[in-house]
Amino acid sequence: MVVKTGILYGISVGTGDPDLITVKGLRILQQVSVVAFPMGIENKPGIAQTIISPWLTSKQETCPLFFPYIQNETDLNLAWRQAAEQIWYYLKQGKDVAFACEGDISFYSTFTYLAKMLTHHHPAVKIQTVPGVCSPMAVTSILNLPLTVNNQRLAILPALYSLEYLEQALGWADVVVLLKVSSVYPQVWETLRRLNLLKRAWIVERANQPEQVIYNKLEELPNLRFSYFSLLIIYVSPSDFY
Ligand SMILES: C[S@@+](CC[C@H](N)C(=O)[O-])C[C@H]1O[C@@H](n2cnc3c(N)ncnc32)[C@H](O)[C@@H]1O
């Protein structure tokens, strides 16, 4: 008997509040037999795992996947390959798997690499994704501000490898969003001070999570320390709203 291969669903689960998952995402999440997510660190549950925990049933199998926080491409490929094989183990038995992704599945997500690795080694694999709330949208909702209005230009910088990129973006965009900013905050702060933009900037740490903190008045916070799960937004150009 030929077993029909299962489907891998990439489910966006939003930034922290379990209610931010979409109706479609929740329906699929509860209907699959296996739920995968990035493994937490130091024996703590991962963020996506914590977000979906109220929605899982005791009958579902869980599959934590190890994704190291490293830059070395060989080691990363090895980890993605290993994770892909863990997922394939279930798919080839005909079981559907949902991979839970914090924020949105297409927005700087590990899922993209996992899906690419699976497709490369198992071309028959079927993959579907469900979109969701990504961190810039979550943060602006928390700040009660629009992300952009009218014909404003938006720049999203996923990581700052050089301050030059920030200065360039501040030169042409009306709104600039910085991800992964915690490790370079002192340099970013200095640039914003020089350009007189500190009053127009906010940091939201762990948006929609119990530990959420909003920082404004950044001019008073040159030495602020905050988690990797933080986003800095700069409303460069004045508008009717900010
Ligand atoms: C690898 S990216 C993942 C983005 C995620 N897929 C999304 O849709 O937002 C990680 C970066 O996203 C931002 N981020 C993700 N979740 C966040 C949250 N709950 N609060 C604030 N920033 C968040 C942070 O800047 C973090 O360094």
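Thresholds, definitions, all that
Residues numbered from 1 in each chain as written. Predicted model: local features only at pLDDT ≥ 70, side-chain atom pairs only at ≥ 80, totals over all residues. Heavy atoms only, no water. Buried < 20%, exposed > 50% of the residue type's maximum accessible area, 1.4 Å probe, protein only. Helix = DSSP H or I, 4+ residues; strand = E, 2+ residues; numbered from the N terminus. Pairing = 2+ DSSP bridges. Right-handed = clockwise from strand over helix to strand, strands pointing away. Near = heavy atom within 4 Å. Polar contact = N/O pair within 3.5 Å; in protein donor to acceptor, adjacent residues only side chain to side chain. Areas by Shrake-Rupley, 256 points an atom, 1.4 Å probe, with all protein chains shown as cover. Nonpolar A, V, L, I, M, F, W, Y, C, P; charged D, E, K, R; others polar. Axes fitted to C-alpha atoms, helices over the stretch in contact; angles between N-to-C directions. Contact = heavy atoms within 4.5 Å. Left-handed = near helix turned anticlockwise from the far one by under 90°. Arc of directions from axis to C-beta. Salt bridge = Lys/Arg side-chain N within 4 Å of Asp/Glu carboxyl O.

Give a description of the pairing of strand S6 (residues 154-157) that names residues and reports values.
Alternating positions in S6 separate cleanly, Ala-155 and Leu-157 being buried on one face and Leu-154 and Ile-156 remaining unburied on the opposite face. In terms of strand pairing, S6 meets strand S7 (residues 175-178) through 4 bridges, oriented parallel. Following the sheet pairing, Ile-156 is matched in S7 by Val-177. Regarding topology, helix H6 (residues 163-172) serves as the crossover connection from S6 to the parallel S7, and that connection is right-handed.

Any chance you could break down the site of the ligand for me, citing the residues and the numbers?
Residues in contact with the ligand amount to 18 residues; listed here are only the nearest, Asp-104, Phe-107, Ser-135, Tyr-228 and Ser-230. One of the backbone N or O atoms of Thr-15 is found 3.3 Å from a nitrogen atom in the ligand. One of the backbone nitrogen or oxygen atoms of Phe-107 is found 2.8 Å away from a nitrogen atom of the ligand. Protein contact buries 95% of the 560 Å² of open area that the ligand shows by itself. Split by residue class, the shell around the ligand holds 9 nonpolar, 5 polar and 4 charged.

Requested: an account of the sheet that holds strand S3 (residues 61-65), with residues and values cited.
Within the open sheet, the 5 strands sit side by side as S3-S2-S4-S1-S5. Their pairing is parallel. Of all strands in the sheet, those bounded by a partner on one side alone are S3 and strand S5 (126-130). For this sheet, the mean inter-axis angle between neighbouring strands, taken without regard to orientation, is 25°. Bridge count for strand S1 (residues 7-12) against S5 is 5 bridges, and the pairing is parallel. Counted as the bridge partner of Tyr-9 is Gln-128 from S5. Those strands touched by helix H3 (residues 73-91) are S1, strand S2 (34-38), S3 and strand S4 (97-101), and its axis lies near 160° from that of S3.

If you had to explain the packing of H6 against helix H7 (residues 185-194) to someone new, which residues and values would you point to?
Where H6 contacts H7, the axes come no closer than 11 Å and their chain directions differ by 35°. As H6 runs across H7, the sense of the crossing is right-handed. Along its contact with H6, which presents Leu-163, Leu-166, Glu-167 and Leu-170, the element H7 presents Gln-187, Val-188, Thr-191, Leu-192 and Arg-194. Here the residues of the contact of H6 with H7 are counted per class, giving 5 nonpolar, 2 polar and 2 charged.

Please provide a residue-by-residue account of the side chain of Thr-191, values included.
By the element assignment, Thr-191 lies in helix H7. When near neighbours in sequence (up to four residues on either side) are disregarded, Thr-191 contacts Leu-163, Leu-166, Glu-167 and Leu-170.

Now, about unusual backbone geometry: what can you tell me, with residues and values included?
A negative phi angle characterises most non-glycine residues, just as the trans form characterises most peptide bonds. Here the phi dihedral of Asn-150 falls at roughly 45°; this positive angle occurs in a residue that is not glycine. Among the structural elements, Asn-150 can be located in the loop between helix H5 (135-143) and S6. A relative accessible area of 79% means that Asn-150 is categorised as exposed. Phi is positive for Asn-208, which is not a glycine, with a value near 65°. Within the secondary structure layout, Asn-208 lies in the loop between strand S8 (201-205) and strand S9 (213-215).

Residue-level account of the environment of Pro-68, with values.
Along the chain, Pro-68 falls in the loop between S3 and H3. For the pair Pro-68 and Met-39, spaced 29 residues apart in sequence, the C-alpha separation works out to 9.4 Å. Beyond its immediate sequence surroundings of up to four residues, Pro-68 is in contact with Leu-76 and Ala-79.

Describe in detail H7, supporting the description with residues and values.
Buried residues of H7: Tyr-185, Val-188, Trp-189, Thr-191 and Leu-192, and no others. All buried residues of H7 project into a common sector of 165° when viewed along the axis, lining one side. Those residues of H7 that are buried lie in contact with H6, S7, S8 and strand S10 (230-235). Just downstream of H7, Asn-196 is the residue with a positive phi angle, here 60°.

Describe the pattern of salt bridges, with residues and values.
Opposite charge on two side chains permits them to pair, given that their charged atoms come into close proximity. As enumerated under the stated definition, the model contains 6 salt bridges in all. One salt bridge connects Lys-95 with Glu-61, and the closest N-O pair in it is separated by 3.5 Å. Residue Lys-95 is located in the loop between H3 and S4, and its partner Glu-61 is located in strand S3; the two are separated by 34 residues in the primary sequence. Judged by its relative accessible area of 26%, Lys-95 is partly exposed. Between Arg-193 and Glu-190 there is a salt bridge, with its nearest N and O atoms 2.6 Å apart. Of this pair, Arg-193 and Glu-190 both sit in helix H7, 3 residues apart, which is roughly one turn of the helix. For Arg-193, a relative accessible area of 42% gives the class partly exposed.

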